[in-house]
Amino acid sequence: MLDRITGMRIFVRAVSAGSLSAAGRHLGISPAMATKHVDALEAHLGVKLLHRTTRRLSLTEAGSDYLDACLRILPEIEEAEASAASQRVEARGLLRMNVPLTFGSRYIAPLVPAFSQRHPAVRVELGLNDSQVDLIDGGWDMAVRIGRLADSTLQARRLADCPLVVCAAPAYLDERGVPRKVADLAQHNCLSYTLSQSKDWAFGRDGNTRVTVSGDLLANNGSALVAAAVGGQGIIYQPQFIVADALRRGELVVLELDKPAMDVGGIHLLYPPDRRPPAKVRVMADYLVESFKDEVPWALA
């Protein structure tokens, strides 16, 4: 089946121009192809739209009714196409972004006011959720992901590194002692993140050194673990962006162990594959990359 919308456009142009050849020239196609489009349209409808002779065209009764319908429908289609196409070049509409709870509330939300001033036609919806959601199924335009990226067709742009830190409150260390080796953690109260894929804590740049830990608190949010650790409950192993403020205030101290923290792969912005993503996605991606390109706000001196 040839494109029905093109057939409608050729039909309307042929009536106004008086010939299929003229309609074809106007739309940049051959007279033969213009004729095929109208033939296919008549075959689909099961009625004749035009009386055609070598000298002139005239509308049938069905053609007259169909012309009226086309004159109503085509402008609406063209308006819809123009609206959709404009989103490629003009940043506007609702931008839905899924972001981890702590990172989103601390480091993405404060950037939104300046973004909105630059792009007042874009409305931003932040979905704050530590569980990974499917962008396509969930209707999200983009997402921030922390950690190593799984193989996927999603487009990725790196925002920042994400170093991990082992730390605890001074009061806890005074009471339980300071672990010096990764193996020592097995004897301590370690507060764990429930969304981690492993019950062990991994160390070494590639995560080859592992220790099985246990503790009396599990949580699915890093800020909850920080609050418990500040209260002296135990040791945590969390991204630096979550613990930086508590470290600066002296509420937590970094533990220097015999193995470095694991390299988790950084913080990335992801969005669905599209050779030309909508302008609202492009400008937000550029804005976030620019915002984090120099020193990140969680950097420690």
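Before reading further, recall that the structure is shown in the block above.
Caption draft 1: Spatial organisation of the overall build of the chain. Looking only at helices and strands, the chain features 11 helices and 14 strands. Over its C-alpha atoms the chain spans a radius of gyration of 31 Å, topping by over 25% the 19 Å that the globule rule assigns to 301 residues. Taking the principal axes of its C-alpha atoms as reference, the chain extends roughly 100 × 35 × 25 Å. Counting all 301 residues of the chain, 41% fall into the buried class.

Caption draft 2: Summary view of the packing of aromatic side chains. Going through the model one piece at a time under the given rule, you end up with 12 aromatic pairs. Ring geometry for Phe103 against Phe241: centres 5.1 Å apart, planes inclined by 80°, an arrangement best described as edge-to-face. One end of the pair, Phe103, is in helix H5 (residues 101-108); the other, Phe241, is in helix H10 (residues 240-248), with 138 residues separating them in the sequence. Both residues of the pair, Phe103 and Phe241, belong to the buried class. The interplanar angle of 5° and the centroid separation of 4.6 Å between the aromatic rings of Phe203 and Tyr237 together place this pair among those described as stacked. Highlighted residues: Phe203 in strand S9 (residues 200-203) and Tyr237 in strand S12 (residues 236-239), separated in sequence by 34 residues. Relative accessible area serves as the criterion here: at 1%, Phe203 is assigned to the buried category. These aromatic residues form a ring-pair network of at least three members: Phe103, Tyr107, Phe241, Phe292 and Trp298. The lysine or arginine in question, Arg96, covers the ring of Trp140, its NZ or CZ lying 3.9 Å from the ring centre.

Caption draft 3: Representation of the pairing of S9 within the structure. Bridge count for S9 against strand S10 (residues 209-212) is four bridges, and the pairing is antiparallel. Within the sheet, the bridge partner assigned to Ala202 lies in S10 and is Arg210. Here S9 folds back onto S10 in antiparallel fashion, the turn holding five residues, of which Gly204 has a positive phi close to 85°.

Caption draft 4: Broad picture of the pattern of salt bridges. Per the counting criterion, the structure on display carries 10 salt bridges. Between Arg96 and Glu125 there is a salt bridge, with its nearest N and O atoms 3.0 Å apart. Taken as a pair, Arg96 in strand S3 (residues 93-99) and Glu125 in strand S4 (residues 122-128) lie far apart in primary sequence, 29 residues in all. Assessed through its relative accessible area of 19%, Arg96 is described here as buried. For Glu125, a relative accessible area of 29% puts it in the partly exposed group. Among the ionic pairs, Asp245 bridges to Arg248, the shortest N-O distance being 2.9 Å. Of this pair, Asp245 and Arg248 are both found in helix H10, three residues apart, which corresponds to roughly one turn of the helix.

What counts and what doesn't
Residues numbered from 1 in each chain as written. Predicted model: local features only at pLDDT ≥ 70, side-chain atom pairs only at ≥ 80, totals over all residues. Heavy atoms only, no water. Helix = DSSP H or I, 4+ residues; strand = E, 2+ residues; numbered from the N terminus. Rg over C-alpha atoms; globule rule 2.2 N^0.38 Å. Buried < 20%, exposed > 50% of the residue type's maximum accessible area, 1.4 Å probe, protein only. Phe/Tyr/Trp six-rings, centres within 6.5 Å; stacked < 30°, edge-to-face > 60°. Lys NZ or Arg CZ within 6 Å of the ring centre and 35° of its normal. Pairing = 2+ DSSP bridges. Salt bridge = Lys/Arg side-chain N within 4 Å of Asp/Glu carboxyl O.

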